[in-house]
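# Overview (structure and organization)
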Amino acid sequence: LIEYNPNLTLIPASTLKLLTTATALEALSPGHTFTTELCYTGYIDNQGTLHGNLVVSGGGDPTLGSRYFTEHHGDVFGKMAETVKKAGINRIEGEITGDASIFGEVTIPDSWIWEDIGNYYGACANGLAVNDNSYLISFSTLDGINQPAVITGISPEIPGITFNNQVSASGDNRDNAYIYGSYLSDRRIIRGTVPAGRSNFTIKGSVPDPALLAAALLREKLIELNIVVSGGPVSIYSSSTDKKVILSKFQSPTLEEIVRITNSKSINLYAETLLLHLSLLNGNPSVENGCNYILDFWAKKGMPTGGIFLKDGSGLSPVNGITAEQLAYVLRYMKKESVNHDSFIHSLPVSGVSGNLINFGTETVLIENLKAKSGSMDRMLNYGGYFTTTKGREAAFVVMVNNYEGEQDYVRSLIVKLLTSIVESF
């Protein structure tokens, strides 16, 4: 219907999740699930003592303990502990092991920035994820403006983590605190400000070693059931040759459900986990292999891939690049040619109704009509999705604005005006 600079490579931010989730649905199918296994090594004697390790073997399910899937998983580590008790084990002469070897020792995408990776939205994908690989830090700022913000609690407690807290209270009513620290590193620095006059103000960080946290949470549940555990929690990222006996299996929600949360809530962790699952279809697990799989997949579908630069699956990297025409190609394909079109389209927020579009175009013809994924960073604001024109024509659209001046709200209002005009004109 209309185009302007459709082949200009731009930074997609979170609209890149459209590409990742579409590929995952096509390659794996909406009903696909991921399996976490509870196992043990060694043997159980007549007195109920396990002479070996209890192992949680991750299958790349990003939703264990997630607040988005509480009805599906429930108290998953409590269930695991109950399984151990029912197996007749009352003592463990060994360690509680979080096995994340399915993806190996995953590294953070090289181009992620230091300001992001210590915070919840920079949580790195892991073969054994837990609690969305995030934790809460609570502050008290009752001492007043410009006074130190005092850490009052961490939930859940992270094994071995230490904090250099440089946060102070501010008259600004916003969270301006950032957590700095790397994956698999226990040291964290917190800088910035949080609102004054609060007894319990929380910010969210990324867990440095999710597999270790999973093992620690299970160990706590075992102790609550009076099961004696001699060893501590440990994590492993390479495959073990030890023979394992499976006690139980835990299935993830379906891929369709995971994609719905990935796009509607813009969860970077889920998109990065899906990228690593795609990489397994392309050989060894790695971010690079996952990106190459996506490029090869769409090239075989006929999409020109010149001008695409993929560095992750979520869009968090500021070095990603893609054109509006390429994203529109994916959107058109998923609507017109894919048998998985409903799973994909229903994952997108609806204007005036849900997700990041709840306040988008609410007093225009876009309300309850436009379905789209948004993506934003500093000086970037992008949208990609679908709408129906006033004449009944269904259309895919992509709007990408990079390196604008001025306020984001003003740029958003211009995008609303543009899309409203198109819907009303065709």
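In short, a report on the structure. (Residues numbered from 1 in each chain as written. Predicted model: local features only at pLDDT ≥ 70, side-chain atom pairs only at ≥ 80, totals over all residues. Heavy atoms only, no water.)

### As for the overall build of the chain
When helices and strands are counted, the chain shows eleven helices and 18 strands. Its C-alpha radius of gyration of 23 Å places the chain within 12% of the 22 Å reference for a compact globule of 426 residues. Based on the C-alpha atoms only, the size of the chain along its principal axes is roughly 80 × 55 × 35 Å. Within the chain, buried positions represent 53% of all 426 residues. Intrachain contacts of the chain at a sequence separation of at least 6 include 69% that bridge at least 24 residues. Positive and negative side-chain charges in the chain, numbering 32 and 42 respectively, have mean positions lying 3 Å apart. (Helix = DSSP H or I, 4+ residues; strand = E, 2+ residues; numbered from the N terminus. Rg over C-alpha atoms; globule rule 2.2 N^0.38 Å. Buried < 20%, exposed > 50% of the residue type's maximum accessible area, 1.4 Å probe, protein only. Contact = heavy atoms within 4.5 Å. Lys, Arg positive; Asp, Glu negative; His and termini not counted. Charge placed at Lys NZ, Arg CZ, Asp CG, Glu CD.)

### Notes on the side chain of Asn-340
Structurally, Asn-340 can be placed in the loop between α9 (324-336) and α10 (341-345). At a separation of 3.2 Å, a polar atom in the side chain of Asn-340 contacts the main-chain carbonyl oxygen of Leu-25. (Polar contact = N/O pair within 3.5 Å; in protein donor to acceptor, adjacent residues only side chain to side chain.)

### Things to note about the environment of Ser-66
If you trace the backbone, Ser-66 turns up in the loop between β4 (54-57) and α2 (70-73). Residue Ser-66 is classed as buried on the basis of its relative accessible area, which comes to 1%. With sequence-adjacent residues up to four places away left out, Ser-66 is seen in contact with Asn-131, Asp-132 and Tyr-270. Reaching out from Ser-66, the side chain makes a polar contact with the side chain of Asp-132 at a distance of 2.8 Å.

### A look at the nonpolar core
Counting residues in each nonpolar core, the largest one holds 97 residues, and the members touching the most others are Leu-54, Ile-92, Ile-203, Leu-218, Leu-222, Trp-298 and Phe-344. If one sorts the elements of this core by residue count, α9 sits on top with eight residues. Leave out the neighbours within four places in its chain, and Leu-218 touches Leu-38, Leu-54, Val-56, Phe-77, Met-80, Ala-81 and Ile-96. Counting 18 residues, the second-largest nonpolar core is a separate cluster that includes Ala-372, Val-411, Ile-415 and Val-416. (Core = buried A, V, L, I, M, F, W, Y, C linked by side-chain atoms within 4.5 Å.)

### Observations concerning helix α5 (residues 210-224)
If you check α5, its first and last C-alpha atoms are 21 Å apart, about what 15 residues at 1.5 Å a residue would give, namely 21 Å. All of the buried residues along α5 are Pro-210, Ala-211, Leu-212, Leu-213, Ala-214, Ala-215, Ala-216, Leu-217, Leu-218 and Leu-222. (Expected span 1.5 Å × (residues − 1).)

### A closer look at the sheet that holds strand β15 (residues 245-251)
As summarised here, the arrangement of the five strands in space is β14-β6-β4-β1-β15, forming an open sheet in which the pairing is mixed. At either end of the open sheet lies a strand with only one pairing partner, and these are β14 (233-236) and β15. Strand-to-strand twist across the sheet, computed as the mean angle between neighbouring axes with direction ignored, equals 20°. Examined bridge by bridge, strand β6 (residues 96-99) and β14 share four bridges and lie parallel to one another. Bridge pairing links Asp-99 to Ile-236 in β14. Taken strand by strand, α5 contacts β1 (35-40), β4, β6 and β14, and its axis lies near 150° from that of β14. (Pairing = 2+ DSSP bridges. Axes fitted to C-alpha atoms, helices over the stretch in contact; angles between N-to-C directions.)

### Considerations on the sheet that holds strand β18 (residues 394-402)
One open sheet holds the three strands; their spatial order is β16-β17-β18, and the pairing between them is antiparallel. Only two strands of the sheet have a single partner each, and these edge strands are β16 (371-377) and β18. Pairwise comparison of adjacent strand axes, ignoring direction, gives a mean angle of 5° for this sheet. Here strand β17 (residues 380-388) pairs with β18 via nine bridges, running antiparallel. Of the residues in β18, the one forming a bridge with Asn-382 is Met-400.

### Let's talk about the state of the cysteines
As enumerated under the stated definition, the model contains zero disulfides in all. This cysteine, Cys-291, is not joined by any disulfide, and Cys-124 carries the nearest cysteine sulfur, 13 Å off. Overall, Cys-291 belongs to the buried group, its relative accessible area being 3%. (Disulfide = S-S within 2.5 Å.)

### Description of the pattern of salt bridges
Evaluated as defined, the whole model comprises seven salt bridges. Of the charged contacts, one joins Lys-221 and Asp-75 as a salt bridge, the two residues approaching to 3.3 Å between their closest N and O atoms. In this pair, Lys-221 is assigned in helix α5 and Asp-75 in the loop between α2 and α3 (76-86), connecting sequence segments 146 residues apart. Assessed through its relative accessible area of 41%, Asp-75 is described here as partly exposed. (Salt bridge = Lys/Arg side-chain N within 4 Å of Asp/Glu carboxyl O.)

### A short note on the environment of Gly-306
Mapped onto the elements, Gly-306 comes out in the loop between α8 (287-300) and α9. Given the relative accessible area of 59%, Gly-306 is considered exposed. Separated by 201 residues in sequence, Gly-306 and Glu-105 place their C-alpha atoms 31 Å apart.

### Overview of the pairing of β17
Summarising burial for β17: eight of the nine residues are buried, a large majority. Hairpin connection of β16 to β17: two residues between the antiparallel strands, including Arg-379 at a positive phi of 65°. Taken together, β17 and the strand that follows it, β18, pair antiparallel across an intervening segment of five residues, in which Gly-392 is found at a positive phi of about 90°.

### Looking at the packing of aromatic side chains
Evaluation of the coordinates by the stated rule reveals nine aromatic pairs. Judged by centre distance (6.3 Å) and plane angle (35°), the ring pair of Trp-114 and Tyr-180 falls under tilted. Pair noted here: Trp-114 is in helix α4 (residues 114-117) and Tyr-180 is in strand β10 (residues 176-180), with a separation of 66 residues, a long-range link. Judged by centre distance (4.7 Å) and plane angle (40°), the ring pair of Phe-360 and Tyr-383 falls under tilted. In this pair, Phe-360 sits in the loop between α10 and β16 while Tyr-383 sits in strand β17, placing the two residues 23 residues apart along the sequence. With respect to burial, Phe-360 and Tyr-383 carry one shared label: buried. Of the aromatic side chains, those joined through ring pairs into one cluster are Tyr-293, Phe-297, Trp-298 and Tyr-333. We note Arg-191 situated over the ring of Tyr-180; from NZ or CZ to the ring centre the distance is 5.4 Å. (Phe/Tyr/Trp six-rings, centres within 6.5 Å; stacked < 30°, edge-to-face > 60°. Lys NZ or Arg CZ within 6 Å of the ring centre and 35° of its normal.)

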